[in-house]
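A structural walkthrough
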Amino acid sequence: MPDRKKHSKKPNPKQLKWLKRGLDQAGGKLPLFDEQGQHYDTRLIRACIDHGWAEPWFSNALKPDWIVCKLTKKGRDFCISALP
């Protein structure tokens, strides 16, 4: 059976919540940590990158396993269209 997640055209609620947090940040920077201070799951971040909603911004020399990302135009468009 094909993997439906890879072909999703819209972010799921967790992905959308993460992406929306970049709307009011300089350059669309996406957070590394959630509101409770927990590191976002790398699978969530990579899925957003794979779909083109986010892109790696720069490498963190102190924490190379952390993926610092920013919104893409596609990601920003989804977030804006999902605003109430």
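Preceding this paragraph is the structure being described.
Here's what I pulled together on the structure shown here. (Residues numbered from 1 in each chain as written. Predicted model: local features only at pLDDT ≥ 70, side-chain atom pairs only at ≥ 80, totals over all residues. Heavy atoms only, no water.)

Turning our eyes to something else, we now look at the packing of helix α1 (residues 13-20) against helix α2 (residues 42-51). The description of two packed helices rests on the angle between their axes and on the distance between the axes. In the contact formed by α1 and α2, the axes pass within 10 Å of each other and the chain directions differ by 80 degrees. By the angle between their directions, the pair α1 and α2 is classed as roughly perpendicular. Contacts between α1 and α2 involve Lys14, Gln15, Trp18 and Leu19 from the former and Leu44, Ile45, Ala47 and Cys48 from the latter. When its residues are assigned to classes, the contact of α1 with α2 shows six nonpolar, one polar and one charged. (Axes fitted to C-alpha atoms, helices over the stretch in contact; angles between N-to-C directions. Helix = DSSP H or I, 4+ residues; strand = E, 2+ residues; numbered from the N terminus. Parallel < 35°, antiparallel > 145°, perpendicular 65-115°, else oblique. Contact = heavy atoms within 4.5 Å. Nonpolar A, V, L, I, M, F, W, Y, C, P; charged D, E, K, R; others polar.)

So, about the environment of phenylalanine 33. Along the chain, the position of phenylalanine 33 falls in the loop between α1 and α2. Along the sequence, phenylalanine 33 and tryptophan 18 sit 15 residues apart, while their C-alpha atoms lie 9.4 Å from each other. In contact with phenylalanine 33, other than residues within four places in its own chain, are Arg21, Gln38, His39, Tyr40 and Trp66.

Here we come to the pattern of salt bridges. Summed over all chains, the structure comprises five salt bridges. Lysine 17 serves as the salt-bridge partner of glutamate 35, at 4.0 Å between the closest nitrogen and oxygen. Taken together, the residues span a long stretch of sequence, with glutamate 35 in the loop between α1 and α2 and lysine 17 in helix α1 at a distance of 18 residues. When its relative accessible area of 47% is taken as the criterion, glutamate 35 is described as partly exposed. Given a relative accessible area of 47%, lysine 17 falls into the partly exposed group. (Salt bridge = Lys/Arg side-chain N within 4 Å of Asp/Glu carboxyl O. Buried < 20%, exposed > 50% of the residue type's maximum accessible area, 1.4 Å probe, protein only.)

Another point: helix α3 (residues 73-81). Taken as a whole, α3 has its buried residues at Gly75, Phe78 and Cys79. Around the axis of α3, the buried residues are gathered within 95 degrees of arc, so they sit on the same side. For α3, exposure combined with an orientation more than 90 degrees from the buried face picks out Lys73 and Ser81. Among the structural elements, α1 and β2 (67-71) are those in contact with the buried residues of α3. (Arc of directions from axis to C-beta.)

The next point concerns the environment of glycine 75. Examined against the element boundaries, glycine 75 turns out to sit in helix α3. Along the chain, glycine 75 and proline 13 lie 62 residues apart, while their C-alpha atoms are 13 Å from each other. With near-sequence residues (within four places) excluded, glycine 75 lies in contact with Gly52 and Trp53.

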